[in-house]
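Single-letter residue listing:
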Amino acid sequence: MNNAYFSKIPVIPFEGKSTDNPLAFRWYNEHQIVAGKTMKEHLRFACAYWHSFCGTGADPFGSPTHMFPWDTTNDAVDKARQKMDAAFEFMHKLSLPFYCFHDVDLVDFTDDVIDNEKRLQLITDHAAQHQKATGISLLWGTANLFSNTRYMNGASTNPDFHVLAHAGAQVKAAIDATIKLNGANYVFWGGREGYMSLLNTNMKREKEHLAKFLHLAKDYARKNGFKGKFFIEPKPCEPSKHQYDYDCETVIGFLRQYDLLNDFSLNIEVNHATLAGHTFQHELQVAADAGLLGSMDANRGDYQNGWDTDQFPNNIVELTEAMLVILEAGGFGGGGINFDAKIRRNSTDPEDLFMAHIGGMDSFARALLTANDILEKSPYKTFRANRYASFDNGKGKDFESGNLTLEDLRTYAIEKGEPSKISGKQEWLENIINQYI
Ligand code: XUL
Ligand code: CO
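What counts, and at which threshold
Residues numbered from 1 in each chain as written. Chains lettered and ligands numbered in written order. Predicted model: local features only at pLDDT ≥ 70, side-chain atom pairs only at ≥ 80, totals over all residues. Heavy atoms only, no water. Donors = N, O, S within 2.8 Å, 3.2 Å for Na, K, Ca; no water. Tetrahedral: all angles 85-135°; square planar, octahedral: opposite > 155°, others 65-115°. Helix = DSSP H or I, 4+ residues; strand = E, 2+ residues; numbered from the N terminus. Buried < 20%, exposed > 50% of the residue type's maximum accessible area, 1.4 Å probe, protein only. Phe/Tyr/Trp six-rings, centres within 6.5 Å; stacked < 30°, edge-to-face > 60°. Near = heavy atom within 4 Å. Polar contact = N/O pair within 3.5 Å; in protein donor to acceptor, adjacent residues only side chain to side chain. Nonpolar A, V, L, I, M, F, W, Y, C, P; charged D, E, K, R; others polar. Core = buried A, V, L, I, M, F, W, Y, C linked by side-chain atoms within 4.5 Å. Axes fitted to C-alpha atoms, helices over the stretch in contact; angles between N-to-C directions. Parallel < 35°, antiparallel > 145°, perpendicular 65-115°, else oblique. Left-handed = near helix turned anticlockwise from the far one by under 90°. Contact = heavy atoms within 4.5 Å. 1 Å grid on protein atoms, 1.4 Å probe; cavity = no way out; pocket = protein on both sides within 12 Å on 5 of 7 lines; lining within 4 Å. Points joined across faces, edges and corners; volume = space filled by probe spheres on them. Pairing = 2+ DSSP bridges.

A. Layout of the coordination of the cobalt ion (ligand 2). Bound to the cobalt ion (ligand 2) are the protein donor atoms Glu233 (OE), Glu269 (OE), Asp297 (OD) and Asp340 (OD), situated 1.9 to 2.1 Å from the metal. Taken together, the six donor atoms coordinating the cobalt ion (ligand 2) and their angles of 81 to 171° define a geometry best described as octahedral. Counting along the primary sequence, the residues that act as donors to the cobalt ion (ligand 2) give the motif E-x35-E-x27-D-x42-D. Residue aspartate 297 is located in strand E11 (residues 293-298), and its partner aspartate 340 is located in the loop between strand E12 (337-339) and helix H12 (350-377); the two are separated by 43 residues in the primary sequence. Assessed through its relative accessible area of 0%, aspartate 297 is described here as buried.

In structure tokens form, the structure reads like this:
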């Protein structure tokens with residue numbers, strides 16, 4: 001394994017919670033069995049290529065602060081190969097089993113469709129070699145249909161068919177790359193699939209175009225042997241003011257309306273849930289209840305502001321609540337935990353990227369252990385089930401089975417008189433989470 005870019009950093013060991021070594025895992029022991037599966041199998045961690053290997057630390061007020069040691073040539077494909085060598089060295093040292101990319105993360109694009117396809121072919125040849133050598137796999141691929149200026153009015157929802165066709169060409173090549181690298185899934189995040197003002201927008205027509213576009217992509221991938229899932233990643237806003245994939249419930253309605261439920265499920269991101277005014281746990285539960293819990297983009301927002309800060313996850317209570325849903329749902333539907341998170345602008349040491357991932361992986365491992373204990377040892381599940389006991393037999397059961405009329409409800413209400421109060425016991429349940437952390 002090459003050791004050129006992070007030569008001072010070893011393969012990160014598991015040392016347990018008493019270690020003081022900042023470059024060791026305290027909780028994530030990939031071989032540890034939890035509820036019949038290893039931690040590695042439960043969590044399916046992935047590195048997000050765009051944040052970790054393309055994010056420069058630039059912000060609207062200042063130029064890049066992250067200087068990449070692999071950025072030493074002007075040849076786009078050579079530069080991309082060096083970046084990839086660094087990425088695989090990094091992922092290997094962190095025992096990350098998966099990675100995810102946008103097409104343009106892998107190699108810089110020009111405005112020439114055919115040239116971009118060639119570039120992707122060359123860099124995916126290189127990726128295939130690295131995957132073979134390390135055993136690291138592609139969790140999902142996607143096309144960046146939001147950064148290029150041609151997408152300023154949207155990609156598949158652009159009012160100009162010419163732009164939509166370019167989006168199609170890009171998605172075709174990204175699907176080809178994903179299939180070639182044996183990617184488990186393919187993601188659509190509609191960054192600019194929405195609108196800024198209804199004064200210039202035919203929303204109905206745009207949503208129909210989006211659905212048609214997704215069908216074309218799905219049909220093309222299936223025709224070419226892709227067996228994985230397609231994920232939609234909901235987000236309410238930013239960069240668009242209104243996005244068509246606002247939250248899980250909205251996306252599920254869309255998939256149902258346009259007959260996409262068999263092939264598509266959801267990739268749910270922590271801070272996108274926050275921005276939609278939901279808890280992460282809520283979004284996961286909505287997807288799980290619909291049988292559409294596919295994958296997760298892990299990060300966190302900031303309590304003091306309202307944009308997508310993409311910080312590394314470290315909120316154990318939030319993650320424990322998430323793992324409760326995921327464990328009860330039987331795990332991810334083909335996806336995993338992709339760290340869609342970036343180190344801060346002023347985190348400029350090479351080790352910072354390692355520490356960020358170690359923190360995220362440890363937080364999820366700890367949340368997994370805690371959630372599993374809560375499910376196996378605490379009264380949490382029984383309490384919740386018992387809250388609905390009145391529907392398990394008698395008239396409640398008749399109601400659930402569809403055997404009561406509105407008049408029957410009235411008769412029952414008169415017979416039984418005023419119901420007594422039954423506590424929801426929220427504070428006690430919150431204490432249970434604390435008890436098991
Ligand atoms: C943007 C975001 C994207 C998607 C992939 O908020 O989350 O990086 O995950 O396009
Ligand atoms: Co994301």
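B. Representation of the packing of aromatic side chains in the model. If you walk through the whole model with that rule in mind, you get 29 aromatic pairs. Measuring from centroid to centroid gives 6.1 Å for tyrosine 5 and tryptophan 70, while their planes differ by 85°, and the two rings are edge-to-face. In this pair, tyrosine 5 sits in the segment before strand E1 (33-34) while tryptophan 70 sits in the loop between helix H2 (49-54) and helix H3 (76-93), placing the two residues 65 residues apart along the sequence. For tryptophan 70, a relative accessible area of 5% gives the class buried. Summarising the aromatic geometry, the rings of phenylalanine 68 and tryptophan 70 are spaced 4.7 Å apart at their centres and angled 15° between planes, so their arrangement reads as stacked. Ring-pair connections join several aromatic residues into one group, and the members of that group are Tyr5, Phe6, Tyr49, Phe53, Phe68, Trp70, Phe88, Phe90, Tyr99, Phe101 and Phe354.

C. Broad picture of the site of ligand 1. In the vicinity of ligand 1, the contacting residues are Trp50, His102, Phe146, Trp189, Glu233, Lys235, Glu269, His272, Asp297, Asp308 and Asp340. Within the side chain of glutamate 233, an N or O atom sits 2.7 Å from an oxygen atom of ligand 1. A distance of 3.0 Å separates an oxygen atom of ligand 1 from a polar atom in the side chain of aspartate 308. Broken down by class, the residue content of the shell around ligand 1 amounts to three nonpolar, two polar and six charged.

D. Representation of the nonpolar core within the structure. Core analysis: the biggest nonpolar cluster contains 110 residues, and Leu43, Phe90, Tyr99, Phe188 and Phe364 have the highest contact counts within it. Examining the composition of this core, we find that twelve residues originate from one element, H12, more than from any other. Counting residues in each nonpolar core, the second largest holds nine residues, with Cys100, Leu139, Trp140 and Phe231 among its members.

E. Looking closely at the packing of helix H11 (residues 316-328) against H12. Taken N-terminus to C-terminus, the directions of H11 and H12 make an angle of 60°; their axes are 8 Å apart at the nearest point. Judged by the angle between their axes, H11 and H12 are oblique. The two elements H11 and H12 cross, and the hand of that crossing is right-handed. Between H11, through Ile316, Leu319, Thr320, Met323, Leu324, Leu327 and Glu328, and H12, the contact on the second element is made entirely by Ser363, Phe364, Arg366, Ala367, Leu368, Thr370, Ala371, Asn372, Ile374 and Leu375. Along the lines of polarity and charge, the residues of the contact of H11 with H12 split into eleven nonpolar, four polar and two charged.

F. Up close: the layout of surface pockets. Estimates place the volume of the second largest pocket at around 400 Å³. Lining the second largest pocket are 15 residues; nearest its centre among them are Tyr380, Arg384, Gly424, Gln426 and Leu429. Those elements that provide at least two residues to the lining of the second largest pocket are H11, helix H13 (380-387) and helix H16 (426-436). Its residues assigned to classes, the lining of the second largest pocket comprises eight nonpolar, three polar and four charged.

G. Region of the structure containing empty space enclosed by the protein. Tallied over the full model, the rule gives two cavities of 30 Å³ or more. Counted as a void, the largest cavity has a volume near 200 Å³. If you trace the largest cavity, you find 19 residues lining it, with Phe188, Gly190, Glu193, Leu210 and Asp245 closest to the centre. In terms of residue class, the lining of the largest cavity is made up of 14 nonpolar, three polar and two charged. Roughly 40 Å³ of internal volume is contained in the second largest cavity. Contributing to the lining of the second largest cavity are Pro234, Lys235, Pro236, Tyr246, Asp247, Ile268, Glu269, His272, Ala273 and Glu283. Breaking the lining of the second largest cavity down by element, the ones donating at least two residues are strand E10 (264-269) and helix H9 (270-275). Looking at the lining of the second largest cavity residue by residue, the classes come out as five nonpolar, one polar and four charged.

H. Inspection of the side chain of asparagine 116 at higher detail. Along the chain, asparagine 116 turns up in helix H5 (residues 113-134). Ignoring sequence-local partners within four residues, the contact set of asparagine 116 consists of Phe109 and Thr110.

I. Spotlight on the environment of arginine 44. With respect to the helices and strands, the residue arginine 44 is situated in the loop between helix H1 (39-43) and strand E3 (45-48). Assessed through its relative accessible area of 24%, arginine 44 is described here as partly exposed. For the pair formed by arginine 44 and glycine 335, sequence separation is 291 residues and the distance between their alpha carbons is 7.5 Å. Other than its neighbours up to four places away in sequence, arginine 44 contacts Met39, Pro97, Phe98, Leu139, Gly334, Gly335, Gly336 and Ile337.

J. Structural detail: the sheet that holds E3. Spatially, E3-E4-E5-E6-E8-E10-E11-E12 is the arrangement adopted by the eight strands of the closed barrel, whose pairing is parallel. The sheet shows a mean angle of 30° between the axes of neighbouring strands, direction not considered. In terms of strand pairing, strand E4 (residues 98-102) meets strand E5 (residues 137-142) through five bridges, oriented parallel. Bridged to cysteine 100 within E5 is tryptophan 140.

K. Structural view of the pairing of E4. Most of E4 sits out of view: five of its five residues are buried. Residues Phe98, Cys100 and His102 point to one face of E4 and Tyr99 and Phe101 to the other, with burial holding for every one of them. Relative to E4, E3 is paired through three bridges, and the arrangement is parallel. Of the residues in E4, the one forming a bridge with alanine 46 is phenylalanine 98.

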